[in-house]
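Breakdown of the fold
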Amino acid sequence: MDILIAIAGLGIICLVAEIFNLRKAIVPITVAGLLAVLAFVGAKIFSKNPDILGLGFDKEPYYNMVINDKYALAFSALFILLTAFLVALSPEFHKDHKAKLSDFVAIKLFLLTGAIAMISFSNLSMFFLGIEILSISLYILAASNPKDVKSNEAGMKYFLMGAFASGIILFGIALIYGATGSFNMLAINAMDRQTLPSWYNIGTVMLTIGLMFKIAAVPFHFWAPDVYEGSPALTTATMSTLAKVAAMASLFKLITTLNPHLPGFLTTINIVAVLSMTIGNLMALKQTNVKRMLGFSGISHAGYMLLAFQFLDLGFAQSNLFYYAFAYTLAGIAAFAVVLSVCGNKGNEDIYNFNGLGKTQPVMAAVLTCALLSMAGIPIFSGFFGKMFLFNQVLDKGRLILVVFAVINSIIGVGYYFKLIIAMYSKESTEEKQSVPFVYSVVAVIAIVINIGIGIYPELILKLIR
Amino acid sequence: MDVSFILIILLFGAGATYFVGDKWASKAALIFSFAAFAASAYITYLFSTGHKVNSVHLWIHNPTVLFALQADGLSLAMTLLTTLLTPIIVFTSFGNLFPKTRSFYALILFMAFAMVGTFLAVDGLLYYIFWELSLIPIYFIALLWGSGDAKERKKAVVKFFIYTFAGSLFMLVAFVYLYQKRHSFLNVHLYSAILTKNEQVWIFFAFFLAYAIKIPIIPFHTWQANVYQKAPAAGTMLLSGIMLKMALYSIIRWQLPIAPYAAIQYKYILIGLCVAGVIYGSVLALKQNNIKKLLAYSSLAHVGLIAAGTYTLTIDGLRGAVLQMVAHGFGIVGLFFAAEIIERRFGTQEISEMGGIRVQSPKFTSMFMILVLASVALPGTFNFVGEFELLYSLAQANIWLAVIGGTTIILGAFYMLRMFQYVMLGETNAKVFKDVTFNEGLALVLILAVLLFFGIYPKPIVDFITPELEKTLVFINRFN
């Protein structure tokens, strides 16, 4: 709870700072504040008594509304790190709308609040609050370029579909409450599955469907490509990294705690996983717009993450999912930072904009190459280890066929990731050498260095949860 | 000092080469690659005098992955091959002017790093990581510095990458599957994993896919000739001289001891495929007019024979394979370098446009002649020793296989000597052939020295590799 208060407070400070004409200080203060909260979360993870400040929040965490276990704290740390990157990218991205900067930053912070509430809830109403805060922030960000008809379309589409999904989630929560008489996750988890009425399972399935929509898993993915393409690039980066992983992590938490007694439930998730990987990859092969391509690739990565739902040992599965999410989102941030710097003033993100990037902006080209290699799962980049840990876990459960599907998809993935790499290195540039905005290159390089760092030493991430 | 020292030198060298800038990059690369050779020679000395040179550290807890590098006769022989060929390959590139010089040389060193790692790693996952890492530098070397039409080259290189990547992913699945049995990736643990016959067959073919693509064994060879032709000379040398040996080495180190039952079961089919590759490569080599393509197909024939030798599961087959790997490594690098020397002067790879070199440069002609003769395994060259053992092992499996495999020598003599005739002899071409420079000559002499020395006196290397191969053979034959 203290984390939530700190971050929401930071958001309000942003809004107030604008009133007091401190616009230049907003981003530095926010990033510093986020890093401070990150350090705080880190201290909580590693200390034996998580209530560091002695405020009593963790003894009775607001009537069991939030729970700060290692899973929640680790993911919170990841979300805070991602938001720090996204906020750092903001001033350069919104340089034509300086007056709105505080709004954009504050909305990102509220979005982060929602994401953390979604992962550290121990009460279903808290979960719903979290997902609504996250979604509403995203609706606003998607439509935040009001003069662009595509952005309007994206915002509207996302809002309509998202509101519908929220409705399904809410209905699911209501059914679960009807079946158990409680919102409290611990109480629900302790109940005997055999005695619960059948609508408990229906409620769980509806929750799952609602979150599958948020993570854009096939067949609930139809909104994603259009919204990703239409939204401003920074919002797309937010959606495909932070929002996707937040929804995925809370879906994992929900399913493992609600633990429905439902034959075929896991098989269905597996089918969704395979479909997401395959369709996401096949569609990505055909794209010429890089944002759209990364969107489809995100769908396939959601499919990979869904593999984490097969497990024998919960802690093991949690850390594998966390590692994959960490690797994927950092590669995503690095890739988007490069996309922003290349396509920032071009008005489109078509692949030809990347022609000859290896010559004109060698550092950015190298970063994007590394990010794509990580997503493709080439070793030493952490994406490889993410995949390997998941394969190991799925084989541990004895599902060889799933792994074979995942491997075939990795091969397809190389096809489109390398399309971009080839464009950067072996095509001639159409433009003069341009200077890269400083923050873009800093964010891109830091993100990719962390990505490679956790690849060289995966224990760093794995031991956060185990 | 342990074996990880070699890797550190190469990795550090790659970084240093990149940062010293374009002007000094080639020299830095030469110094570091030679330092790596010196280090591996010293470690070989330490190893043979009984010192402990293995390097084992725990890397990841769960799943348990060890950073385990092991020096033995087999891995050190391959490491020495790599670290001796790398400075030679760097040295041969001195005559070429590349754009982005520092990246080029840094990538070569990085590639050597990955390949040495592949040879030394005994933890399956670590081995897999090095195996895949070696793919990235060669991809960029072939893509960025290759010759010919950019579009064609891209197609060839991407095909190569996707083929090899696809093959190795199935190997990864096999490794992870094996991990479930023993909860370890260490090779000796994997050897003793208890597998049903069915499991062995699947795992065997998962490995086979990765190796058959990289070696290449027909029908997985279609990427090869195009990439060899389009890559820059240094890239072709790395690919043919060292990289495909990674796969041959891996057959002995990983595939056979892990799934020996399947190896015995499918022995004749596998040998048949490999020998078919020998004939196929030789016949295609006969028809080539492009010198690099001709050498690529001759390479296909030679490595087919090596792979056939490993699958005979006899000590002669394994030993012959290792000897021939080293011999072929030096021989093919020498031949590709000779082709490069000619291309530098004539600006063509077409055999029909060459000729008349003998008159202008007798020195180069005689060195080229020795390389050609070594390639057709004339007694007295190192290739003869290896090829003889390989054919002998094939004869143990089935005499007719040896007869068919032996055509590699006959056909080889035919196309190599014919190539020699067209390239070196004949009318003096209108183009002038400048005599080889000192640098070029030095590189060729080094290669020839190795080929001739071990051709006459192969005992040191035979004694060096045999104990480890016998140990491996015990694992392979545990089902007999």
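Residues numbered from 1 in each chain as written. Chains lettered and ligands numbered in written order. Predicted model: local features only at pLDDT ≥ 70, side-chain atom pairs only at ≥ 80, totals over all residues.

A separate point is the overall build of chain B. Scanning chain B from terminus to terminus reveals 21 helices and 2 strands. In terms of its C-alpha atoms, chain B occupies a principal-axis envelope of roughly 65 × 55 × 45 Å. Counting every position in chain B, which comprises 480 residues, the buried fraction comes to 61%. Within chain B, counting contacts between residues at least 6 apart in sequence, those at least 24 apart form 82% of the total. (Helix = DSSP H or I, 4+ residues; strand = E, 2+ residues; numbered from the N terminus. Buried ≥ 20, exposed ≤ 12 C-beta atoms within 10 Å, placed from the backbone. Contact = placed C-beta atoms within 7 Å.)

Looking now at helix H12 (residues 290-306) of chain A. Helical geometry: 3.6 residues make up each α-helical turn, so side chains three or four residues apart lie on a common side. End to end, H12 of chain A covers 24 Å across 17 residues, agreeing with the expected 24 Å (1.5 Å per residue, within 8%). With respect to burial, H12 of chain A is a largely interior element, 17 of its 17 residues being buried. (Expected span 1.5 Å × (residues − 1).)

So, on to the interface of chain A and chain B. The interface of chain A with chain B comprises 22 residues on the first partner and 25 residues on the second. Here the element with the most residues in the side of chain A that touches chain B is helix H17 (residues 400-426) of chain A; it accounts for 11 residues.

With that settled, the discussion passes to unusual backbone geometry. Across the junction of valine 218 of chain A and proline 219 of chain A, the peptide omega takes the value 5°, indicating a cis bond. For the peptide bond that leads from isoleucine 218 of chain B to proline 219 of chain B, omega is 10°, which places it in the cis range. For alanine 216 of chain A, which is not a glycine, the phi torsion comes out positive at approximately 60°. Positionally, alanine 216 of chain A belongs in the loop between helix H8 (198-215) and helix H9 (223-230).

For an interface, size is often stated in terms of accessible area lost upon the parts coming together. All names here are of chain B. You can read the domains of chain B as domain 1 (1-261) and domain 2 (266-480). A C-alpha centroid distance of 21 Å is found between domain 1 and domain 2. Taken residue by residue, the interface counts 37 residues in domain 1 and 47 residues in domain 2. Those elements that place two or more of their residues in the side of domain 1 that touches domain 2 are helix H3 (73-92), helix H10 (224-230), helix H11 (233-258) and helix H12 (260-265). Top element by residues in the side of domain 1 that touches domain 2 is H11. It accounts for 13 residues. In terms of residue class, the side of domain 1 that touches domain 2 is built from 26 nonpolar, 9 polar and 2 charged. (Domains from an automatic or database assignment. Nonpolar A, V, L, I, M, F, W, Y, C, P; charged D, E, K, R; others polar.)

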